[in-house]
Amino acid sequence: MDHQRGIREFVAGTGGSGLYDFMATAKPGSERRIKTWGILKLTLWPDRNKWEFISLNGAVLDEGSDTCH
């Protein structure tokens, strides 16, 4: 995450077809790659946000929060 110039971006391609393998190398700036079925839960406020990636069995596999700028 580039706190000076960038925004946080989420890519959650977990709906529809089967799961694909990742590219061999993560792109610069990637923080986490998870290959499983689940949901991305976003909670948004005017000045901050929170995210959770929750697997089908209810386990939180990734979570975090950040402020808006």
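Preceding this paragraph is the structure being described.
Attention in this report is confined to the structure presented alongside it.

What to know about the packing of aromatic side chains
So, point 1. By the definition in use, this model includes 0 aromatic pairs.
So, point 2. In this arrangement the basic side chain of R48 is found over the ring face of W45, its NZ or CZ atom lying 4.1 Å from the centre.

Some remarks on the pairing of strand β2 (residues 48-55)
So, point 1. Summarising burial for β2: 6 of the 8 residues are buried, a large majority.
So, point 2. Sheet topology note: the strand β1 (residues 38-44)/β2 ladder contains 7 bridges and is antiparallel. Looking across to β2, one finds that K41 is bridged to E52.
So, point 3. The antiparallel pairing of β2 with strand β3 (residues 60-67) creates a hairpin that spans 4 residues between the two strands, and G58 there sits at a positive phi of about 90°.

Describing the pattern of salt bridges
So, point 1. Within the structure shown, the criterion is met by 2 salt bridges.
So, point 2. A salt bridge links E52 to K41; its shortest N-O distance comes to 3.7 Å. Of this pair, E52 sits in strand β2 while K41 sits in strand β1; the two residues are 11 residues apart in sequence, bridging distant segments of the chain.
So, point 3. K41 sits in the partly exposed class, given a relative accessible area of 41%.
So, point 4. Among the ionic pairs, R48 bridges to D47, the shortest N-O distance being 3.1 Å.
So, point 5. Using a relative accessible area of 36% as the deciding quantity, one classes R48 as partly exposed.

What to know about a nonpolar patch on the surface
So, point 1. Judged by side-chain polarity, F10, L42 and L44 come together as a nonpolar surface patch covering roughly 300 Å² of accessible area.
So, point 2. Take L42: it is sitting in strand β1.
So, point 3. Judged by relative accessible area, L42 falls into the partly exposed class, the value being 45%.

A few points about the environment of L44
So, point 1. Considering the arrangement of structural elements, one finds L44 in strand β1.
So, point 2. For the pair L44 and C68, spaced 24 residues apart in sequence, the C-alpha separation works out to 9.8 Å.

Regarding the sheet that holds β3
So, point 1. With antiparallel pairing, the 3 strands of this open sheet are ordered in space as β1-β2-β3. Only two strands of the sheet have a single partner each, and these edge strands are β1 and β3. If you compare each strand with its neighbour and ignore which way they point, the axes differ by 10° on average.

Scoring rules and cut-offs
Along each chain, numbering runs from 1 in the same order as the chain's sequence is written. For a predicted model such as this one, the threshold for reporting local features is a pLDDT of at least 70, and the threshold for listing and counting side-chain atom pairs is 80 or more; totals across whole chains, interfaces and linings nevertheless cover every residue. Excluded from the side-chain calculations are hydrogens and water; all other atoms, namely the structure's heavy atoms, are used. Aromatic contacts are taken between Phe, Tyr and Trp rings whose centres are within 6.5 Å, Trp giving its six-membered ring; a plane angle under 30 degrees counts as stacked, one over 60 as edge-to-face, and the others as tilted. Here, over-ring charges are defined by two tests on the NZ atom of lysine or the CZ atom of arginine: distance to the ring centre within 6 Å, and angle to the ring normal within 35 degrees. Summary of the burial criterion: residues with accessible area below 20% of their type's maximum are buried, those above 50% are exposed, and those between are partly exposed, where the area comes from a 1.4 Å probe applied to protein chains only. Numbering of helices and strands runs from the N terminus; a helix is a DSSP stretch of H or I covering at least four residues, while a strand is a stretch of E covering at least two. Strands pair, by our definition, only if DSSP identifies at least two bridges between them. Should a side-chain nitrogen of Lys or Arg be within 4 Å of a carboxyl oxygen of Asp or Glu, the pair is scored as a salt bridge. The patches described consist of residues with a relative accessible area above 30% and no salt bridge, like charges being joined within 9 Å and nonpolar side chains (Val, Leu, Ile, Met, Phe, Trp, Tyr) within 5 Å. Only the protein chains shown count as covering a residue, and every accessible area follows the Shrake-Rupley method with a 1.4 Å probe. Whenever a helix is involved, its axis is fitted only over the stretch in contact; in every case the axis is a line through C-alpha atoms, and angles between N-to-C directions fall within 0 to 180 degrees.

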